[in-house]
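In case you want the letters, here they are:
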Amino acid sequence: TTLFRSVHAKQKWPQLVACERNWDGGLDAYASGELDREGKGVGLACSITATPSKVEKDATDAKINYPDLRVLIFSTPKEVTQYTAGIWAKDVLEKFGLQLIVVPREEFITWLMDPANSDICRDQLGIAPSMAPDLAPAYERAREAAKDLADNWDRMIRRADRPLISLNAVKLNEKGEPVEAVTTASLNTVLSEGQRIVLEAPAGSGKSTTLVQLARRALDAGGLAFLVDLPDWIRSGKDFFSYVAARPQFASRDVDATVLSKLREAQPPIFLLNGWNEVPVARAEAADEALRELDRSFGAAIVVVATRRHSLVPQLRGSFRLALSPLGRAQRDEYLRLALGDSAHDLRLKLNNSRVLDSITRTPLFLAEVVDLYRAGKDIPATKMGVLGAVMDAI
């Protein structure tokens, strides 16, 4: 289907942005030349028809609607030999000035056999990932341990009476400028495409909570997700699986590093690393090397690194930067409704009518603290430092 081919292309060329199905200008995905140092636009055309005339039609339409297009990726589930692809490429270059890359049937077969794409096989094709019978019990124990770990993280970073809401985010280009809006709920789709993410946000904006949500969604879907405090891992000096296996949740279930290493062959793991910005300067080089080694050793794994904005951006192959956005008014109202029920109206008016409080409570942590003060019948100061002082007094 077009979905498979688009996901495949997104993994190969992460800069591609999917086009809407209607009025797509001849392309299923497109990367503007403004994102390329040489100004080369890249386009993806998917088709179940693999003929020279179809390729020429796609090239004609794309050339008209995307003037900066220089590379055309033609993706098809049909068989196309290298010889034929070479003839098509020469023809397209001569007639349209476009470099043609043909992605044929055999590439998709090979791609779907990769363990990293087992979720696609399971969810879209109904093909369950294979696993040796002797590993199945260990896999379930590992998932139980990972769930306990996620629950423990949730208890540490979020009180039980504080509701969860979905946050918004934006993709950033190499210059740190926003280029595309996404929601944290839609990150599952991004992760299913095998992409790696550097998640950025100021303190209190929901980075840790987002990692917990991602872990739980992956675990509920039958995957294996590891939440890790990145500075603590670096301080340990251990390799990744040795560090994870030493956590009480895994050690108590006899899930050691050897078992975890075997499980990764059956199901590609998801690594959720928190606190890149908290790594001491003296250990920055060690952290960078550890992340690169993780990248090299687990090519099929999905990796998300959460950090505050930092001068050193984590280096992950094929990754993109994602920044959590401040809360919109609708999101804030949803939180108030979930936290306070019918009594949310008065606080909503107070926040909406105060420029300072309206600004402060766009950050999830400050919103939660203000709600706690309101629930406790405390006065809500009109400054950020005043809110922090009132929270400390309440504690």
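Since the model is a prediction, treat every value here as computed from it, not as a measurement.

Each helix and strand counted, the protein has 18 helices and 12 strands in total. Here the protein holds 395 residues, and the buried ones make up 46% of them. In the protein, the share of contacts with a sequence separation of at least 24, taken over all contacts with a separation of at least 6, comes to 71%. As displayed, the protein offers around 19800 Å² of accessible surface, 53% of which is attributable to carbon and sulfur atoms.

This part is about the packing of aromatic side chains. One pass over the structure, following the stated rule, counts 12 aromatic pairs. Relative to Y66, the ring of Y30 lies with its centre 4.5 Å away and its plane at 40 degrees, an arrangement referred to as tilted. Linking Y30 in strand β2 (residues 29-31) with Y66 in the loop between α2 (52-65) and β4 (69-75), this pair joins segments that are 36 residues apart in sequence. Accessibility expressed as a relative area gives 18% for Y30, which makes it buried.

Now for the pattern of salt bridges. Tallied over the full model, the rule gives 30 salt bridges. Here E200 and R321 are joined by a salt bridge, their closest N and O atoms 2.8 Å apart. One end of the pair, E200, is in strand β8 (residues 196-200); the other, R321, is in strand β12 (residues 319-324), and 121 residues separate them in sequence. In this structure, R375 and D372 form a salt bridge, with 3.1 Å as the shortest nitrogen-oxygen distance. You can see R375 and its partner D372 sitting in helix α17 (residues 364-375), three residues apart, about one turn around the helix. The exposure class of R375 is partly exposed, given its relative accessible area of 36%. Each of R159, D161, R162, E369, D372 and R375 takes part in a single network of salt bridges with overlapping partners.

For the rest of this paragraph, the subject is unusual backbone geometry. Look at D254: it is not a glycine, yet its phi comes out positive at around 55 degrees. When its relative accessible area of 61% is taken as the criterion, D254 is described as exposed.

Between the first and last C-alpha of helix α6 (residues 136-157) there are 32 Å, a value that for 22 residues agrees with the 32 Å anticipated at 1.5 Å per step. Regarding α6, the residues found buried are A138, Y139, A142, R143, A145, A146, L149, A150, W153 and D154.

The subject of this paragraph is the sheet that holds strand β7 (residues 178-183). Strand order in this open sheet of seven strands is β7-β6-β12-β8-β11-β10-β9, and the pairing throughout is mixed. Each of the sheet's edge strands pairs with one partner strand only, and the pair in question is β7 and β9 (225-229). Neighbour to neighbour, the strand axes of the sheet diverge by 25 degrees on average, direction disregarded. Examined bridge by bridge, strand β10 (residues 270-274) and strand β11 (residues 302-307) share five bridges and lie parallel to one another. Paired with F271 across the strands is V303, a residue of β11.

Attention now moves to helix α14 (residues 329-340). In this model α14 runs 16 Å from its N-terminal to its C-terminal C-alpha over 12 residues, within 8% of the 16 Å that 1.5 Å per residue would give. Elements that come into contact with the buried residues of α14 comprise β6 (168-172), α15 (344-352), α16 (355-360) and α17. G341 lies just past α14 and shows a positive phi near 65 degrees.

Tracing the backbone through its elements, the reader meets A85 in helix α3 (residues 82-96). By relative accessible area, A85 is classed as buried at 12%. Separated by 18 residues in sequence, A85 and V103 have C-alpha atoms that sit 9.0 Å apart.

With that settled, consider the nonpolar core. Formed by 83 residues in total, the largest nonpolar core has its most connected members in F240, L260, F271 and L273. At eight residues, α6 tops the list of elements feeding residues into this core. Among residues more than four places away in sequence, those in contact with L273 are L211, V228, L230, W233, F240, L291, L294, V303, V304, V305 and A306. Counting 18 residues, the second-largest nonpolar core is a separate cluster that includes A59, L69, W88 and V102.

This brings us to the pairing of strand β3 (residues 41-46). Looking along a regular strand, one sees the side chains alternate between the two faces of the sheet. Of all six residues making up β3, six are buried, and the element is well covered by its neighbours. Neither face of β3 is exposed, since G41, G43 and A45 on one face and V42, L44 and C46 on the opposite face are all buried. Relative to β3, β2 runs antiparallel, the two being bridged by three bridges. By the bridge assignment, A31 is partnered in β3 with V42. Pairing analysis gives six bridges linking β3 to β4, with the strands arranged parallel. Within β4, the position partnered with V42 by the bridge is V71. At this point the chain moves from β3, through α2, to the parallel β4, and the crossover so formed is right-handed.

Turning our eyes to something else, we now look at the side chain of D372. The exposure class assigned to D372 is buried, which follows from its relative accessible area of 12%. Not counting the four nearest positions on each side in its chain, D372 is found in contact with R159 and R162.

Looking now at the packing of α14 against α15. Where α14 contacts α15, the axes come no closer than 9 Å and their chain directions differ by 150 degrees. Between α14 and α15, the interaxial angle falls into the category roughly antiparallel. Considering the relative orientation of α14 and α15, their crossing is right-handed. Contact with α14, carried on its side by R329, R332, D333, L336, R337 and L340, involves A344, L347, R348, L351 and N352 of α15 and no other residues of that element.

Calculation criteria
Residues numbered from 1 in each chain as written. Predicted model: local features only at pLDDT ≥ 70, side-chain atom pairs only at ≥ 80, totals over all residues. Heavy atoms only, no water. Helix = DSSP H or I, 4+ residues; strand = E, 2+ residues; numbered from the N terminus. Buried < 20%, exposed > 50% of the residue type's maximum accessible area, 1.4 Å probe, protein only. Contact = heavy atoms within 4.5 Å. Areas by Shrake-Rupley, 256 points an atom, 1.4 Å probe, with all protein chains shown as cover. Phe/Tyr/Trp six-rings, centres within 6.5 Å; stacked < 30°, edge-to-face > 60°. Salt bridge = Lys/Arg side-chain N within 4 Å of Asp/Glu carboxyl O. Expected span 1.5 Å × (residues − 1). Pairing = 2+ DSSP bridges. Axes fitted to C-alpha atoms, helices over the stretch in contact; angles between N-to-C directions. Core = buried A, V, L, I, M, F, W, Y, C linked by side-chain atoms within 4.5 Å. Right-handed = clockwise from strand over helix to strand, strands pointing away. Parallel < 35°, antiparallel > 145°, perpendicular 65-115°, else oblique. Left-handed = near helix turned anticlockwise from the far one by under 90°.

That's the geometry; what it means functionally is another story.
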